[in-house]
Amino acid sequence: MRALQAEGVKTIFGYPGGSIMPVYDALFDYTRGEKKCFDHILVRHEQGATHAAEGYARVSGEVGVALVTSGPGVTNTLTGIADAMLDSTPIVVIAGQVPISALGTDAFQEVDLVGVAQPISKWSYQIRHAEDVAWAVSRAFYIARTGRPGPVVLDFPKNAQVEEIDWEPKKVDFIRSYVPYPKLDEEIVRQAAELINNAKCPLALVGQGVELGNAQEELKTFLEKADIPAGRTMLGLSALPSNHPLNVGMLGMHGNYAVNLKEQECDVLIAIGMRFSDRVTGNLKTYAKQAKIIHLDIDRSEIDKNVKTDVAIVADCKESLPALTALLHPNQHKEWRESFKELDEKERVKVIEPAIHPKEGPLRMGEVVNAVAEQAPDDAVLVTDVGQNQLFATRYFKYHHKRSICTSGGLGTMGYGMPAAIGATFGAPNRTVCCFMGDGGFQMCIEELGTIMEQKASVKMILMNNHYLGNVRQWQDMFWMRRKSFTKMMNPCYELIAQGYGIPYEAVTDRKNLAAAVEKMLKTDGPYIMECAILEDDNVLPMTPPGMNVNEMMLEV
């Protein structure tokens, strides 16, 4: 408890059990009375603890903490750990373990956590003696939060929990061979600046690294000085406000039409804090072959991993962007920026207007998201589950403030939304948290409604119910000859479920009632479930089919 206190921890998401009971007994005194310094949030499943820790970390910029027991308790966290690893989310998972004298004996609820977690974490370590606790906890938080953030796992055998030693605080701020912030190479920066200064059609690709590096203002200064249009990855959507004049939309398979096509026309492509995911690049053999590639990233292992770069600036973007901006000539690329507009208009007419302003038929996901976005406060946080709800929500929500999106990008974890939204309400208690879920993802972690009920967590849950695993159904319709193999869902009565948890609920089946229902939801204190009956065969468009070139986006099926 003292070691966590020393790291500034305020909130812990957890679930007790036999092998972590000594820690929970100590926690008792630190959550009440004069000693109180932590809020402990009792989740209903250990996977929920890790996703809640992720949501907390994503909106607060702090390290999220999950506390669980051994065996199935900690194996239940592995999905969240892997999710945090792929999305560079700083969390520390502390798990109980059998005493070291019982290791290797197949003791009750024993599992080789360090071995299992090593490939999906930034660091995993077993604290074998009490004298190592302070050092291990400090090192864990240092690794989780510095450089490219990520998850750290501490395996805590029971003997180390009950041993007694004199308390000696430790502060780890250096690890030999670990260089979280590489030294900026000024010559490389000069080479990048020269390419940008000579560019006729530059394009920036903005990723979550800008958010993680708290470099949102530095990004705007960079883009505005050189007049560079910028697309954002899904995780980087709130790094640049939606209404910024240089924002040209979302990148990727279901991103905006113009920016995806223009990746194949630009002469200099500047990737900032993004990893060239396959969902962004499409077919790598043809991706941006006409362009000089500049890649800014804090993680050297991302350089040339997927896309060969011409100039790589390996440094924290909080440092590299100002250094690069200082060498840029003020510029104007009006003709290049204007060339986006015809493609934007094509997408607006063929895709956006039918999606957000349909004139007849059942509700569409796009119009539900748009209706919430129009009324939500400017500083609202978008949380999504995974699937069509995620793709519609990220496309049509509005982003005005930094750290305004929590979604599972790299792993694509269904069930992420509800617990991540719980974490977001604790990480940003003064902001409205809007959580969009499909009927499939809603049921994957539905037990966390119990956490919402107990904590009165103010999660505005928008359940978009089409009675299908919608994204898989879309692919089956488009690429598998409409053979809908086990994607149709029989769903429960969500009104009765909401009633059982004491959570206000409203069903929306007619668009004439949608705006009023959204207003009621947003004005209601505490949690709320708004269930919307959605067109069953609603499709997310545009779409770059898997394996195709990024400029071969489909505007219609």
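About the cut-offs
Residues numbered from 1 in each chain as written. Predicted model: local features only at pLDDT ≥ 70, side-chain atom pairs only at ≥ 80, totals over all residues. Heavy atoms only, no water. Helix = DSSP H or I, 4+ residues; strand = E, 2+ residues; numbered from the N terminus. Rg over C-alpha atoms; globule rule 2.2 N^0.38 Å. Buried < 20%, exposed > 50% of the residue type's maximum accessible area, 1.4 Å probe, protein only. Contact = heavy atoms within 4.5 Å. Areas by Shrake-Rupley, 256 points an atom, 1.4 Å probe, with all protein chains shown as cover. Lys, Arg positive; Asp, Glu negative; His and termini not counted. Charge placed at Lys NZ, Arg CZ, Asp CG, Glu CD. Pairing = 2+ DSSP bridges. Axes fitted to C-alpha atoms, helices over the stretch in contact; angles between N-to-C directions. Parallel < 35°, antiparallel > 145°, perpendicular 65-115°, else oblique. Nonpolar A, V, L, I, M, F, W, Y, C, P; charged D, E, K, R; others polar. Polar contact = N/O pair within 3.5 Å; in protein donor to acceptor, adjacent residues only side chain to side chain. Phe/Tyr/Trp six-rings, centres within 6.5 Å; stacked < 30°, edge-to-face > 60°. 1 Å grid on protein atoms, 1.4 Å probe; cavity = no way out; pocket = protein on both sides within 12 Å on 5 of 7 lines; lining within 4 Å. Points joined across faces, edges and corners; volume = space filled by probe spheres on them.

**What about the overall build of the chain?**
1) Next: Counting its secondary structure elements, the chain contains 23 helices and 18 strands.
2) Next: Over its C-alpha trace the chain gives a radius of gyration of 24 Å, about what one expects of a compact globule, namely 24 Å for 557 residues.
3) Next: The dimensions of the chain, computed from C-alpha atoms along their principal axes, are 70 × 60 × 45 Å.
4) Next: A total of 557 residues make up the chain; the buried ones form 58% of that total.
5) Next: For the chain, the share of sequence-separated contacts (at least 6 apart) that also reach a separation of at least 24 residues comes to 76%.
6) Next: Accessible surface, the chain: about 23000 Å² in total, of which carbon and sulfur atoms supply 51%.
7) Next: Distance from the positive charge centre (56 side chains) to the negative charge centre (70 side chains) of the chain: 3 Å.

**Some remarks on the sheet that holds strand S1 (residues 11-14)**
1) Next: Within the open sheet, the six strands sit side by side as S2-S1-S3-S4-S6-S5. Their pairing is parallel. With one partner strand each, in any of the chains shown, strand S2 (39-42) and strand S5 (123-126) form the two edges of the open sheet. Adjacent strand axes in the sheet meet at a mean angle of 20 degrees, parallel and antiparallel pairs treated alike.
2) Next: Together, S1, S2, strand S3 (64-68) and strand S6 (151-157) form the strand contacts of helix H2 (residues 21-30), whose direction differs from that of S3 by roughly 125 degrees.
3) Next: Along the sheet, helix H5 (residues 78-86) contacts strand S4 (91-97) and S6; its crossing angle with S6, the most-contacted strand, is approximately 145 degrees.

**Quick word on H5**
1) Next: Inspection of H5 places Leu78, Gly80, Ile81, Ala82, Asp83 and Ala84 among the buried residues, and these make up the whole buried set.
2) Next: Looking at the packing, one finds that the buried side of H5 touches helix H3 (46-60), helix H4 (72-75), S4, helix H6 (113-117) and S6.

**Focus on the packing of H3 against H5**
1) Next: Two elements in contact, H3 and H5, have axes separated by 7 Å at closest approach and are oriented at 25 degrees. Comparing the axis directions of H3 and H5 gives the class roughly parallel. Contact residues: Gln47, Thr50, His51 and Glu54 in H3; Thr79, Gly80, Asp83 and Ala84 in H5.
2) Next: Here the contact of H3 with H5 is composed, by residue class, of one nonpolar, five polar and two charged.

**Description of the pairing of strand S7 (residues 202-206)**
1) Next: Taken across its five residues, S7 has five buried, putting it largely inside the fold.
2) Next: Residues Pro202, Ala204 and Val206 line one face of S7 and the alternating positions Leu203 and Leu205 line the opposite face, and both faces are buried.
3) Next: Note: S7 against strand S10 (residues 268-272), five bridges, orientation parallel. Bridge pairing in S10 links Leu205 to Ala271.
4) Next: Judged from the three bridges that link them, S7 and strand S8 (residues 230-232) form a sheet pairing that is parallel. The residue of S8 that forms the bridge with Leu205 is Gly231.

**Let's talk about the side chain of Thr451**
1) Next: Locating Thr451 in the fold gives a position in helix H20 (residues 449-455).
2) Next: Engagement of the side chain of Thr451 in a polar contact is seen with the side chain of Glu448, the distance being 2.6 Å.
3) Next: Discounting chain neighbours no more than four positions away, the residues touching Thr451 are Ile41, Leu42, Val43, Arg44, Ile422 and Lys456.

**Considerations on the packing of aromatic side chains**
Two aromatic rings are characterised by how far apart their centres lie and by the angle between their planes.
1) Next: Under the criterion given, the structure shown has 14 aromatic pairs.
2) Next: An angle of 70 degrees between the planes, with centres 6.1 Å apart, marks the rings of Phe276 and Tyr287 as edge-to-face. Of this pair, Phe276 sits in the loop between S10 and helix H13 (278-281) while Tyr287 sits in the loop between H13 and strand S11 (292-297); the two residues are eleven residues apart in sequence, bridging distant segments of the chain.
3) Next: With relative accessibility at 2%, the residue Phe276 sits in the buried group.
4) Next: For Tyr287, a relative accessible area of 3% puts it in the buried group.
5) Next: Arranged with centres 5.7 Å apart and planes meeting at 85 degrees, the rings of Trp475 and Phe479 form a pair that is edge-to-face. Here Trp475 pairs with Phe479, and both are found in helix H21 (residues 470-479), just four residues apart, close to one helical turn.

**Let's talk about the environment of Glu265**
1) Next: By the element assignment, Glu265 lies in the loop between helix H12 (257-262) and S10.
2) Next: Residue class for Glu265 comes out partly exposed when judged on its relative accessible area of 43%.
3) Next: Considered as a pair, Glu265 and Ala49 are 216 residues apart in the sequence and their alpha carbons are 44 Å apart.
4) Next: If near-sequence neighbours (up to four positions away) are discounted, Glu265 is found in contact with Gln290 and Trp336.

**A few points about unusual backbone geometry**
1) Next: The residue after Leu541, namely Pro542, is reached through a cis peptide bond having omega 0 degrees.
2) Next: Its location among the elements puts Pro542 in the segment after strand S18 (528-533).
3) Next: In the Ramachandran plot, Asn214 falls in the positive-phi region, its phi being about 50 degrees despite a non-glycine side chain.
4) Next: With respect to the element layout, Asn214 can be found in the loop between helix H10 (209-212) and helix H11 (216-226).
5) Next: Of note, Asp227 is a non-glycine position whose phi angle comes to about 55 degrees, a positive value.
6) Next: Looking at the secondary structure, you find Asp227 in the loop between H11 and S8.

**What to know about the layout of surface pockets**
1) Next: Estimates place the volume of the second largest pocket at around 910 Å³.
2) Next: Along its surface, the second largest pocket is lined by 30 residues, and Met1, Arg2, Val133, Gln161 and Trp167 are the ones closest to its centre.
3) Next: Looking at the lining of the second largest pocket, the elements that each hand over two or more residues are helix H1 (2-6), H2, helix H7 (133-145), S6 and helix H8 (158-162).
4) Next: Counting residues per element, the lining of the second largest pocket draws most heavily on H2, which supplies five residues.
5) Next: Residue composition of the lining of the second largest pocket, by class: 20 nonpolar, one polar and nine charged.

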